Amino acid sequence: DRRVREALIGVIDRLQRASVAATDGAASGAAAGPTAASFYDPHAGPWIVLVGHDGAFKVALLALLGLPLDRFWTFTQTTTGIAVLDIRNGRTILRAWNRTEHLAPLELEASEATRAEEEAAAERARSGAL
């Protein structure tokens, strides 16, 4: 538990320093790294986006929230679920967890395809076609 927390603190510290350096460079006219609109405030920043396995994120979340690792199964995460954490002055606020609204168009498309297949199967059954 201690080792995970220490490693995570080091990673977050490096990411924050790199993000601040990119923001400072942009303020001085240098090209900044990629940015993203804030989940809640379009003017908030700097942002860091991480992509990875849900297990690693759950361990990081527990460490950031000061919870013991034996609470690992307390949080579930859907594939491509989005989490938003606000880390300021060493304090972590969980703003969003497991958001999946971005998947709605895919779910609608899959639903429409399924309905079309079911209608085609029903038409074949009515007509006696194989």
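Residues numbered from 1 in each chain as written. Predicted model: local features only at pLDDT ≥ 70, side-chain atom pairs only at ≥ 80, totals over all residues. Heavy atoms only, no water.

1. Observations regarding the overall build of the protein chain
Looking only at helices and strands, the protein chain has 3 helices and 2 strands in total. Along the chain direction, N to C, the helices and strands of the protein chain fall in the order α-α-β-β-α. Expressed as a percentage of the 130 residues in the protein chain, the buried residues total 16%. A separation of at least 24 residues holds for 38% of the contacts in the protein chain among residues at least 6 apart in sequence. Total accessible area computed for the protein chain in this model is approximately 9,700 Å², and 58% of it derives from carbon and sulfur atoms. (Helix = DSSP H or I, 4+ residues; strand = E, 2+ residues; numbered from the N terminus. Buried < 20%, exposed > 50% of the residue type's maximum accessible area, 1.4 Å probe, protein only. Contact = heavy atoms within 4.5 Å. Areas by Shrake-Rupley, 256 points an atom, 1.4 Å probe, with all protein chains shown as cover.)

2. Topic: the pairing of strand S2 (residues 91-99)
The sheet contact formed by strand S1 (residues 82-88) and S2 spans 6 bridges and is antiparallel. For Arg88, the partnering residue across the bridge sits in S2 and is Arg91. Here S1 folds back onto S2, and the loop between the two strands holds 2 residues, one of which, Asn89, carries a positive phi near 55°. (Pairing = 2+ DSSP bridges.)

3. Description of the environment of Val4
Relative to the helices and strands, Val4 resides in helix H1 (residues 2-27). Judged by relative accessible area, which is 23%, Val4 ranks as partly exposed. In the structure, Val4 is positioned 56 residues away from Ala60 in sequence and 8.0 Å away in space, judged by C-alpha atoms. Discounting chain neighbours no more than four positions away, the residues touching Val4 are Val59, Ala63 and Leu69.

4. Description of the nonpolar core
Here is a general trend for soluble globular proteins: nonpolar side chains tend to be buried in one another's company. In terms of nonpolar packing, the biggest core is built from 5 residues, these being Leu61, Leu62, Phe72, Phe75 and Trp97. Beyond its immediate sequence surroundings of up to four residues, Leu62 is in contact with Arg5, Leu67, Pro68, Leu69, Arg71, Phe72 and Phe75. (Core = buried A, V, L, I, M, F, W, Y, C linked by side-chain atoms within 4.5 Å.)

5. Let's talk about helix H2 (residues 54-65)
The terminal C-alpha atoms of H2 lie 16 Å apart, and with 12 residues this matches the ideal 16 Å at 1.5 Å per residue to within 8%. Once H2 ends, the next one or two residues include Gly66, with phi positive near 75°. (Expected span 1.5 Å × (residues − 1).)

6. Focus on the side chain of Gln77
Summarising the element assignment, Gln77 is placed in the loop between H2 and S1. For Gln77, a relative accessible area of 16% translates into the label buried. At 3.1 Å, the side chain of Gln77 forms a polar contact with the backbone oxygen of Gly81. The contacts of Gln77, once residues within four sequence positions are left out, are Asp54, Phe57, Trp97 and Asn98. (Polar contact = N/O pair within 3.5 Å; in protein donor to acceptor, adjacent residues only side chain to side chain.)

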